[in-house]
Amino acid sequence: MSLPFDVALSLLDECHGDDLWSVEHCRLRRVPEDWIEELADAFESSYRYRDQTISVPDPNLGRRVVNQYHGVRDVDLALKLGRQLGVDVDSIQAISFTRQALVRNIKEAVFED
């Protein structure tokens, strides 16, 4: 399924490379259901490294750490969006050292064309 250009750009703009989107958030943002099915997975927190620990909003604590989370990595969504928008994401992946750099480079490639 393809997305309207403006929806694809809006979604890509929300991607940062280090976030997990809940399935509900994906639906609210109009990510196609077949994309959600393809990209959603169960992720586990790593307590060795802070940047690999998953936390979710909590009304009482602000955020709380969870062991597991079912959702979509925004970097995977950015890759899918980049492909749809005509970007050669494979070559961008080859030169991007971090997930954040990958998403940033995809965004730059979209706006270069």
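This one's a predicted model, so the numbers in the text were calculated from it and none came from an experiment. (Residues numbered from 1 in each chain as written. Predicted model: local features only at pLDDT ≥ 70, side-chain atom pairs only at ≥ 80, totals over all residues. Heavy atoms only, no water.)

Trainee: I'm lost on the overall build of the protein chain in this one. Help?
Mentor: A count of helices and strands for the protein chain gives 6 helices and 5 strands. For the protein chain, the C-alpha radius of gyration of 15 Å lies close to 13 Å, the compact-globule estimate for 113 residues. In terms of overall dimensions, the protein chain has a C-alpha envelope of 45 × 30 × 20 Å along the principal axes. Restricting the contact set of the protein chain to residue pairs at least 6 apart, pairs at least 24 apart contribute 58%. By element, 48% of the accessible surface of the protein chain is carried by carbon and sulfur atoms, the whole surface being about 7,300 Å². Side-chain charges in the protein chain split into 13 positive and 21 negative, and the spacing between the mean points of these groups amounts to 5 Å. (Helix = DSSP H or I, 4+ residues; strand = E, 2+ residues; numbered from the N terminus. Rg over C-alpha atoms; globule rule 2.2 N^0.38 Å. Contact = heavy atoms within 4.5 Å. Areas by Shrake-Rupley, 256 points an atom, 1.4 Å probe, with all protein chains shown as cover. Lys, Arg positive; Asp, Glu negative; His and termini not counted. Charge placed at Lys NZ, Arg CZ, Asp CG, Glu CD.)

Trainee: Explanation requested: the sheet that holds strand 5 (residues 68–73) in the structure shown.
Mentor: Pairing between the strands of a sheet comes from backbone hydrogen bonds, and it takes one of two forms, parallel or antiparallel. Strand order in the open sheet formed by 3 strands is 1-5-2, with antiparallel pairing between adjacent strands. At either margin of the open sheet sits one strand with a lone partner, and together these are strand 1 (20–22) and strand 2 (41–44). For this sheet, the mean angle separating the axes of adjacent strands, direction not counted, is 70 degrees. Inspection of the sheet shows strand 2 paired to strand 5 by 4 bridges, in the antiparallel sense. Residue pairing in the sheet places glutamate 44 in a bridge with glutamine 68 of strand 5. Against the sheet, helix 4 (residues 74–84) touches strand 1 and strand 5, its axis set at about 20 degrees to strand 5. (Pairing = 2+ DSSP bridges. Axes fitted to C-alpha atoms, helices over the stretch in contact; angles between N-to-C directions.)

Trainee: How should the packing of helix 1 (residues 5–14) against helix 6 (residues 99–112) be read in this particular structure?
Mentor: If you want to describe how two helices pack, look at the angle between their axes and the distance between the axes. For the pair helix 1 and helix 6, interaxial distance at closest approach is 10 Å and the crossing angle is 145 degrees. Both helix 1 and helix 6 take part in a crossing whose hand is left-handed. Here Leu9, Leu12 and Asp13 of helix 1 lie close against helix 6, whose contacting residues are Ile106, Lys107, Val110 and Phe111. Per-class residue counts for the contact of helix 1 with helix 6 are 5 nonpolar, no polar and 2 charged. (Left-handed = near helix turned anticlockwise from the far one by under 90°. Nonpolar A, V, L, I, M, F, W, Y, C, P; charged D, E, K, R; others polar.)

Trainee: Any chance you could explain unusual backbone geometry here in plain terms?
Mentor: The phi angle of most residues is negative, glycine excepted, and most peptide bonds adopt the trans form. The phi torsion at arginine 30 lies on the positive side, around 70 degrees, for a residue other than glycine. Structurally, the position occupied by arginine 30 is in the loop between helix 2 (23–28) and helix 3 (33–39). A residue is classified by how much of its surface remains accessible, and arginine 30, at 54% relative accessible area, is exposed. (Buried < 20%, exposed > 50% of the residue type's maximum accessible area, 1.4 Å probe, protein only.)

Trainee: How do you make sense of the pattern of salt bridges when you look at a structure like this?
Mentor: Between side chains of opposite charge, a pair can form when the charged atoms approach closely. Inspection of the entire model under this criterion finds 5 salt bridges. Across the salt bridge formed by arginine 29 and glutamate 14, the nearest N and O atoms sit 2.5 Å from each other. Of this pair, arginine 29 sits in the loop between helix 2 and helix 3 while glutamate 14 is found in helix 1, placing the two residues 15 residues apart along the sequence. The partner of aspartate 76 in a salt bridge is arginine 73, and the shortest N-O contact between them spans 2.9 Å. (Salt bridge = Lys/Arg side-chain N within 4 Å of Asp/Glu carboxyl O.)

Trainee: Mind showing me how you'd approach the side chain of serine 22 here?
Mentor: Inspection of the secondary structure puts serine 22 in strand 1. Exposure remark for serine 22: the relative accessible area of 16% places this residue in the buried category. In this structure the side chain of serine 22 is engaged in a polar contact, spanning 2.9 Å, whose partner is the backbone nitrogen of histidine 25. When near neighbours in sequence (up to four residues on either side) are disregarded, serine 22 contacts Tyr69, His70 and Gly71. (Polar contact = N/O pair within 3.5 Å; in protein donor to acceptor, adjacent residues only side chain to side chain.)

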